[in-house]
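Structural overview
If you want the building blocks of each chain, they are given just below.
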Amino acid sequence: MSRQASLKHDQVADHDAGDVLVRYPRSERRAALAAVELVRAVWPVVEAYLGASWQGRLRIELLAEARASGANPAAATLRHALRGMAQRSPVTAGVLSYQLGQVLWYAASGEAHYRGAAPRCPDWLVVAALTPLTHAWSDRDAWSDHLAQHLRRAARRRPLSEAALEHHAGLAPVVLAQAVSQSLARGHSLLRRHPDWVRALLAELAADTRADGLRALANVTGAEADTWRARFAADLAEWRGEDDEWRPTGVA
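Just so it is clear, the structure is predicted and the values come from calculations on it, not from any experiment.

Helices and strands together make up the secondary structure of the chain, namely eleven helices and five strands. Within the chain, contacts between residues separated by at least 24 positions form 64% of all contacts whose residues are at least 6 apart in sequence. When the accessible surface of the chain is summed, it comes to about 12900 Å², and 51% of that surface belongs to carbon and sulfur atoms.

Structural data, given as structure tokens:
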């Protein structure tokens, strides 16, 4: 091991809390303890939202640099900047809720046992299902306002191709923003007709690990993908004709 690598390793420590393992800069032990406390507070909210329980062990990597947070659901690993963790704000809790949602979605759906074409669910479907968690710790109006902004953007701009909505990786930032808006618009269309669609979809995926996301969605809603695409388009046309001051109803 090189001297530089050794020094880097010496500056990192692990805190093992049983169900949570935190890797952190050695001088930030207080932040590591706070991370465990925060994750344990957030977990029940995520479990209640998805209607599933977490049975595994979570790994958290606290980053000294202000890099973007992220999650590796298959490895049950979260990455989060130290500064954000210390703030303990609704925004931080929302980011962690979304990340934990990704981990729990992967585990509870039996994703590891799926043998069909990857990915199992198109990106738009997962984004639509989990994004409300980002506002789980804010007041209801904050999520309603956030969703309304996305619905307006989705309604005013030309719909993206199914390929762009299915695979968000590699999209240019402007296109990605539009993909997220259209994903949330689709989620709201589903919510209008099936208020419990997120839990029902996750349960269906768990019950049949051979089914892909669109087949599972058809099973729980009684409508095939082509029918939903037509409904999404009709809803976009409806929202396009609405006044700017409207707010969506029936938000999650």
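Here the focus is the pairing of strand E5 (residues 77-81). Along E5, four of the five residues are buried, which leaves the element largely enclosed by surrounding structure. Pairing of strand E3 (residues 58-63) with E5 involves five bridges; the strand directions are parallel. Bridging across to E5, Glu 61 finds its partner in Arg 79. Here strand E4 (residues 70-72) pairs with E5 via three bridges, running antiparallel. Residue Ala 71 lies in a different strand from E5, and its bridge partner there is Leu 78. Linking E4 to E5, which pair antiparallel, is a turn of four residues; within it Ala 76 sits at a positive phi near 50°.

Another point: the sheet that holds strand E2 (residues 20-25). Ordered in space as E1-E2-E3-E5-E4, the five strands form an open sheet in which the pairing is mixed. With partners counted over all chains shown, the strands left at the sheet margins are strand E1 (12-16) and E4, one partner each. When the angles between neighbouring strand axes are averaged without regard to direction, this sheet yields 20°. Where E1 lies against E2, five bridges are found, and the strand directions are antiparallel. Each bridged residue has a counterpart across the sheet, and for His 15 the counterpart in E2 is Val 22.

As for its placement among the helices and strands, Asp 235 is situated in helix H11 (residues 225-240). Engagement of the side chain of Asp 235 in a polar contact is seen with the side chain of Arg 192, the distance being 2.9 Å.

On to the nonpolar core, then. The biggest cluster of nonpolar side chains holds 61 residues, and the ones touching the most others in it are Leu 62, Trp 105 and Trp 197. If one sorts the elements of this core by residue count, helix H2 (residues 29-50) sits on top with ten residues. Not counting residues within four places of it along the chain, the set of residues in contact with Trp 105 comprises Leu 50, Cys 121, Val 126, Ala 129, Leu 130, Val 198, Leu 201, Leu 202 and Leu 205.

Let's shift gears to the packing of H2 against helix H4 (residues 90-108). For the pair H2 and H4, the least separation of the axes is 9 Å and the interaxial angle reads 55°. In terms of orientation, H2 and H4 fall into the oblique class. Taken as a pair, H2 and H4 cross one another with a handedness that is right-handed. Contacts from Leu 38, Val 39, Val 42, Trp 43, Val 46, Glu 47 and Leu 50 of H2 reach H4 at Thr 92, Ala 93, Leu 96, Ser 97, Leu 100, Gly 101, Leu 104 and Trp 105.

Mapping Ala 31 onto the fold places it in helix H2. Once the C-alpha coordinates of Ala 31 and Met 85 are considered, the two residues, 54 residues apart in sequence, prove to be 7.2 Å apart. Leaving out residues up to four positions away in the same chain, Ala 31 has contacts with Leu 62, Leu 82 and Met 85.

Scored by pLDDT, the chain comes out at a mean of 88, with 89% of its residues at no less than 70. Confidence drops under pLDDT 50 across residues 1-7; counting only partners more than four residues distant or on other chains, this segment forms one contact. The low-confidence segment residues 243-247 (pLDDT under 50) makes nine contacts with residues lying over four places distant or belonging to another chain.

Tracing the sequence through the fold places His 135 in the loop between helix H5 (123-130) and helix H6 (140-156). Looking at His 135, the relative accessible area reads 17%, which means it is buried. Within the structure, the side chain of His 135 is placed 3.0 Å from the side chain of Thr 134, a separation counted as a polar contact. Residues in contact with His 135, not counting those within four places in the same chain, are Ala 142, Trp 143 and His 146.

Okay, the packing of aromatic side chains next. Applying the stated rule across the entire model yields three aromatic pairs. Taking the centre distance of 5.2 Å and the plane angle of 10° together, the rings of Trp 43 and Trp 54 count as stacked. Of the two residues, Trp 43 is situated in helix H2 and Trp 54 in the loop between H2 and E3; the sequence distance between them amounts to eleven residues. Trp 54 matches Trp 43 in its accessibility class, with the two residues each being buried. Centroid distance Trp 124 to Phe 232: 5.6 Å. Interplanar angle 80°. Geometry classified as edge-to-face. Of this pair, Trp 124 sits in helix H5 while Phe 232 is found in helix H11, placing the two residues 108 residues apart along the sequence.

The rules behind these values
- Going along each chain's sequence as written, the residues are numbered from 1 onward.
- Totals for whole chains, interfaces and linings use every residue, but because this is a predicted model, local features are given only for residues with pLDDT of at least 70 and side-chain atom pairs only at 80 or more, for both listing and counting.
- Side-chain figures throughout are based on the complete set of non-hydrogen atoms in the structure, without hydrogens or water.
- The way it works is that DSSP assigns letters per residue, a run of H or I at least four long becomes a helix, a run of E at least two long becomes a strand, and they are numbered from the N terminus.
- Any two residues whose heavy atoms approach within 4.5 Å at even a single point are treated as in contact.
- In short, Shrake-Rupley with a 1.4 Å probe defines the accessible areas, and a residue's cover is counted only from the protein chains shown.
- Between buried and exposed lies partly exposed: a residue is buried under 20% and exposed over 50% of the maximum accessible area for its type, with that area taken using a 1.4 Å probe on protein chains only.
- Two strands qualify as a pair provided DSSP detects at least 2 bridges between them.
- Here an angle of 0 to 180 degrees is reported between the N-to-C directions of two axes, which are lines fitted to C-alpha atoms, with helices fitted over the stretch in contact.
- What qualifies as a polar contact is a pair of N or O atoms within 3.5 Å, subject to a donor-acceptor requirement within protein and to the restriction that residues adjacent in sequence count only when both atoms come from side chains.
- For this analysis, a nonpolar core means a set of buried residues of the types Ala, Val, Leu, Ile, Met, Phe, Trp, Tyr and Cys, connected via side-chain atoms within 4.5 Å.
- Roughly parallel refers to an angle under 35 degrees, roughly antiparallel to one over 145, roughly perpendicular to one between 65 and 115, and oblique to any angle outside these ranges.
- Two helices crossing with the near one rotated counterclockwise from the far one by less than a right angle form a left-handed crossing, whereas a clockwise rotation gives a right-handed crossing.
- Looking at any residue, its pLDDT shows the predictor's confidence there, from 0 to 100.
- Each Phe, Tyr or Trp ring (for Trp, its six-membered ring) is paired with any other whose centre lies within 6.5 Å, and the angle between the two planes then decides the class: stacked below 30 degrees, edge-to-face above 60, tilted in between.

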